[in-house]
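# Examination of the molecular architecture
Spelled out, the chains give:
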Amino acid sequence: MTYDLVIHNATIVTVNASFEIIPNGLLCIKAGKIQRIESMPSNKSLPAAKESIDAAGGLIMPGLVNTHTHLPMTLFRGLADDLPLDIWLNKHIFPAEGAHINPDNVRWAALLACAEMLLSGTTTCCDGYFLEDQVAEAIRLSGMRAVLAQGVIDFPAPGVPDPGENIKIPQTFCAKWHNPSSLITPSIFCHSAYTCSAETLKRAKTHCDEKGLLFQIHAAETKNEWQQIKNEHQSTPIQYLDQLELLDENTLLIHCVWIDEDDIEIIAASNASVSHNPESNAKLAAGIAPVPKLLKAGVCVGLGTDGCASNNNLDLFHEMDMAAKLHKVDTFDPTTMDAATVVKMATIEGARAIGLDKQTGSIEVGKQADLIVIDTQAPHLMPIYHPESHIVYTAKSSDVRDVVVDGCVLAKDRKVLQLDIEEIMAKVRQIARHIKKGR
């Protein structure tokens, strides 16, 4: 057999069920799928292949899965930092979106996000925003895998001037992009329980259920949100969503910072998943999500970066390091959130949280070939005793050398192949000048 792509001379961190690590690894890909994974003696010849990549002694691992993004918000990176969330959102971000979020700007901002994610090792993302058609086009051009959701909110928004259309537009979006053979899976993203009515939430979830799609929502992110829902509905945000029958295995709850033991029991019983965004939560001083308790209860938790307006990057290597260390200091327990657990959150558990674990998230025969090569030929990566610890505590996004999605090489030698990064950055710089001028 002649394979499409062979990658060799690497340690393979499979993130399979037994977290197998294969030295002197050989990985063979055909028709977008992984066909062979094995350790190859140095005296053995490589299998025939149309293309081969010598990993030069580096690490091969599954491509990272970012479970929560707002890709067009790369436009607002650093626009309004060091502010409380309610002021940041209502006084700065919502007005900026109203003034500057249009189809052309969304397209260029999403392309910028794709380039940033690919160069930092992310092969799959789960996004929610307005004008999501443009985001989908950018993702398609990049070659990435993604779950993409049209945003829903109960007041005029970019692309949805009439809130009465706020469910019809995502329904149209889902119909357009619902293709099982595509790398793009549509979804619906309701902003929150305080910006969407009960009727809006239930209509969005019903449509997702009818089409077998993921329903996404910010939940229990801040103390103010917790207090508002408590005052209006006499329940916690999680209890309120549960009362509306919105929680099940096709629901992604984003943030889940302000939750208690009862909330955790509800989430676990419902089989809903959680997207943990530690850097965004920390930067906005929202708090620390009780992720160790969620994991102990059996809840599926993936990692997310949130948007660049509140993080300010899409770098999951940063996120892994932050997640591991934040929860250690919060629990005063250095064994909490060990490296292997965090790697799983950034790969297979993230894929499971967004319903893609059968396709991606681990390196296993029969799965789609979504993977990255980490260059370990650098002083800060010497020596290597435990690859999973290096991935979480030592490696940087800039160490990602090659990126493969669906068997296609999308980045090679730290260069994105399918996008014109110089053109994208020039366009975004031009847009940013208008934003800075308040136009």
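Everything discussed here concerns the structure shown above.
So, here is what we can say about the structure in this document. (Residues numbered from 1 in each chain as written. Predicted model: local features only at pLDDT ≥ 70, side-chain atom pairs only at ≥ 80, totals over all residues. Heavy atoms only, no water.)

## Some points on the sheet that holds strand 4 (residues 49–62)
- Within the open sheet, the 8 strands sit side by side as 3-2-1-4-13-14-15-16. Their pairing is mixed. At either end of the open sheet lies a strand with only one pairing partner, and these are strand 3 (33–39) and strand 16 (415–416).
- Relative to strand 3, strand 2 (residues 21–30) runs antiparallel, the two sharing 6 bridges. For Ile 29, the partnering residue across the bridge sits in strand 3 and is Ile 34. (Pairing = 2+ DSSP bridges. Helix = DSSP H or I, 4+ residues; strand = E, 2+ residues; numbered from the N terminus.)

## Observations concerning the packing of helix 3 (residues 132–142) against helix 4 (residues 168–177)
- In contact at an axis separation of 10 Å, helix 3 and helix 4 are set at 25° when each is read in the N-to-C sense. As far as their axial angle goes, helix 4 and helix 3 are roughly parallel. The two elements helix 3 and helix 4 meet at a crossing, and its hand is right-handed. On helix 4, the residues touching Glu 132, Asp 133, Ala 136 and Glu 137 of helix 3 are Phe 173, Lys 176 and Trp 177.
- Among the residues making up the contact of helix 3 with helix 4, the classes are represented as 3 nonpolar, no polar and 4 charged. (Axes fitted to C-alpha atoms, helices over the stretch in contact; angles between N-to-C directions. Parallel < 35°, antiparallel > 145°, perpendicular 65-115°, else oblique. Left-handed = near helix turned anticlockwise from the far one by under 90°. Contact = heavy atoms within 4.5 Å. Nonpolar A, V, L, I, M, F, W, Y, C, P; charged D, E, K, R; others polar.)

## Quick word on helix 15 (residues 421–437)
- In this model, helix 15 (17 residues) spans 24 Å end to end at C-alpha, consistent with the 24 Å of a helix rising 1.5 Å per residue.
- Buried residues of helix 15: Ile 424, Val 428, Ile 431 and Ile 435, and no others. Down the axis of helix 15, the buried set is contained in an arc of 60°. They therefore lie on one face. Facing away from the buried surface of helix 15 by more than 90 degrees, the exposed residues are Glu 422, Lys 436 and Lys 437.
- Residues of helix 15 that are buried sit in contact with helix 1 (85–100) and helix 2 (103–119).
- Where helix 15 begins, the capping side chain belongs to Asp 420, and its oxygen is found 3.3 Å from the backbone nitrogen of Glu 422.
- One or two residues past the end of helix 15 sits Gly 438, with phi positive at roughly 75°. (Expected span 1.5 Å × (residues − 1). Buried < 20%, exposed > 50% of the residue type's maximum accessible area, 1.4 Å probe, protein only. Arc of directions from axis to C-beta. Polar contact = N/O pair within 3.5 Å; in protein donor to acceptor, adjacent residues only side chain to side chain.)

## Some points on the sheet that holds strand 9 (residues 214–219)
- Spatially, 5-6-7-8-9-10-11-12 is the arrangement adopted by the 8 strands of the open sheet, whose pairing is parallel. Edge positions in the sheet fall to strand 5 (64–69) and strand 12 (301–303), since each of these pairs with one other strand and no more. Strand-to-strand twist of the sheet, defined as the mean angle between neighbouring strand axes without regard to direction, takes the value 25°.
- By the bridge criterion, 4 bridges tie strand 5 to strand 6 (residues 122–129) in an arrangement that is parallel. Bridging from a neighbouring strand, Leu 64 pairs with Thr 122 of strand 6.
- In the packing of helix 12 (residues 339–346) onto the sheet, contacts are made with strand 5, strand 11 (273–276) and strand 12, and the angle to strand 12 comes to roughly 80°.

## A word on the state of the cysteines
- If you walk through the whole model with that rule in mind, you get 0 disulfides.
- Between Cys 174, a cysteine without a disulfide, and Cys 208, which holds the nearest cysteine sulfur, the sulfur-to-sulfur distance is 6.1 Å.
- Judged by relative accessible area, Cys 174 falls into the buried class, the value being 2%. (Disulfide = S-S within 2.5 Å.)

## Remarks on the side chain of His 255
- Inspection of the secondary structure assignment puts His 255 in strand 10 (residues 251–255).
- A polar contact is formed between the side chain of His 255 and the side chain of Asn 281, at a distance of 2.9 Å.
- Side chain to side chain, His 255 and Asp 306 meet in a polar contact 3.3 Å long.
- Leaving out residues up to four positions away in the same chain, His 255 has contacts with His 68, His 218, Ala 219, Glu 221, Val 274, Ser 275, Asn 277, Ser 280, Asn 281, Ala 289 and Asp 306.

## Re empty space enclosed by the protein
- This structure, assessed with the given rule, holds 1 cavity of 30 Å³ or more.
- Considering the residues around the largest cavity, the lining is formed by 25 residues, among which His 70, Met 73, Leu 89, His 191 and His 218 are closest to the centre.
- Sort the elements by how many residues they give to the lining of the largest cavity and helix 1 lands first, with 6 residues. (1 Å grid on protein atoms, 1.4 Å probe; cavity = no way out; pocket = protein on both sides within 12 Å on 5 of 7 lines; lining within 4 Å. Points joined across faces, edges and corners; volume = space filled by probe spheres on them.)

## Details of the pattern of salt bridges
- For the structure on display, the rule yields 21 salt bridges.
- With its nearest N and O atoms 3.4 Å apart, the salt bridge here joins Asp 4 to Lys 50. In this pair, Asp 4 sits in strand 1 (residues 3–13) while Lys 50 sits in strand 4, placing the two residues 46 residues apart along the sequence.
- Residue Asp 4 is classed as partly exposed on the basis of its relative accessible area of 23%.
- The residue Lys 367 makes a salt bridge to Glu 364 at a minimum N-O spacing of 3.8 Å. (Salt bridge = Lys/Arg side-chain N within 4 Å of Asp/Glu carboxyl O.)

## Observations concerning the nonpolar core
- In terms of nonpolar packing, the biggest core is built from 116 residues, with Phe 76, Ile 139, Leu 201, Leu 241, Leu 253 and Ile 267 touching the most fellow members.
- Not counting the four nearest positions on each side in its chain, Leu 201 is found in contact with Cys 190, Ser 192, Ala 193, Cys 196, Phe 215, Ile 217, Tyr 240, Leu 241, Leu 244 and Leu 246.
- Grouped together as the second largest cluster of nonpolar side chains are 18 residues, Ile 29, Ala 55, Ala 369 and Val 373 included. (Core = buried A, V, L, I, M, F, W, Y, C linked by side-chain atoms within 4.5 Å.)

## Section: the pairing of strand 1
- Burial analysis of strand 1 places 8 of its 11 residues in the buried class, which makes it a mostly covered element.
- Here strand 1 pairs with strand 4 via 8 bridges, running parallel. In the sheet register, His 8 faces strand 4, and the bridge partner there is Asp 54.
- Bridge analysis of strand 1 against strand 2 gives 7 bridges, and the strand direction is antiparallel. Counterpart to Ile 12 in the pairing with strand 2 is Ile 22.

## Notes on helix 3
- For helix 3, the complete set of buried residues consists of Glu 132, Val 135, Ala 136, Ala 138, Ile 139 and Ser 142. Projected down its long axis, helix 3 shows its buried positions confined to an angular sector of 160°, all on one face.
- Elements in contact with the buried residues of helix 3: helix 2, strand 6, strand 7 (145–152), helix 4, strand 8 (184–190) and strand 15 (408–412).
- Gly 143 occupies a position one or two residues after helix 3 and carries a positive phi of about 90°.

## Side note on the packing of helix 2 against helix 3
- At a closest axis distance of 8 Å, the pairing of helix 2 and helix 3 adopts a crossing angle of 40°. In this structure, the crossing between helix 2 and helix 3 has a hand that is right-handed. For the pair helix 2 and helix 3, contact is made by Pro 103, Val 106, Arg 107, Ala 110, Leu 111, Cys 114 and Leu 118 and by Gln 134, Val 135, Ala 138, Ile 139, Leu 141 and Ser 142, respectively.
- Taken together, the residues of the contact of helix 2 with helix 3 break down into 10 nonpolar, 2 polar and 1 charged.

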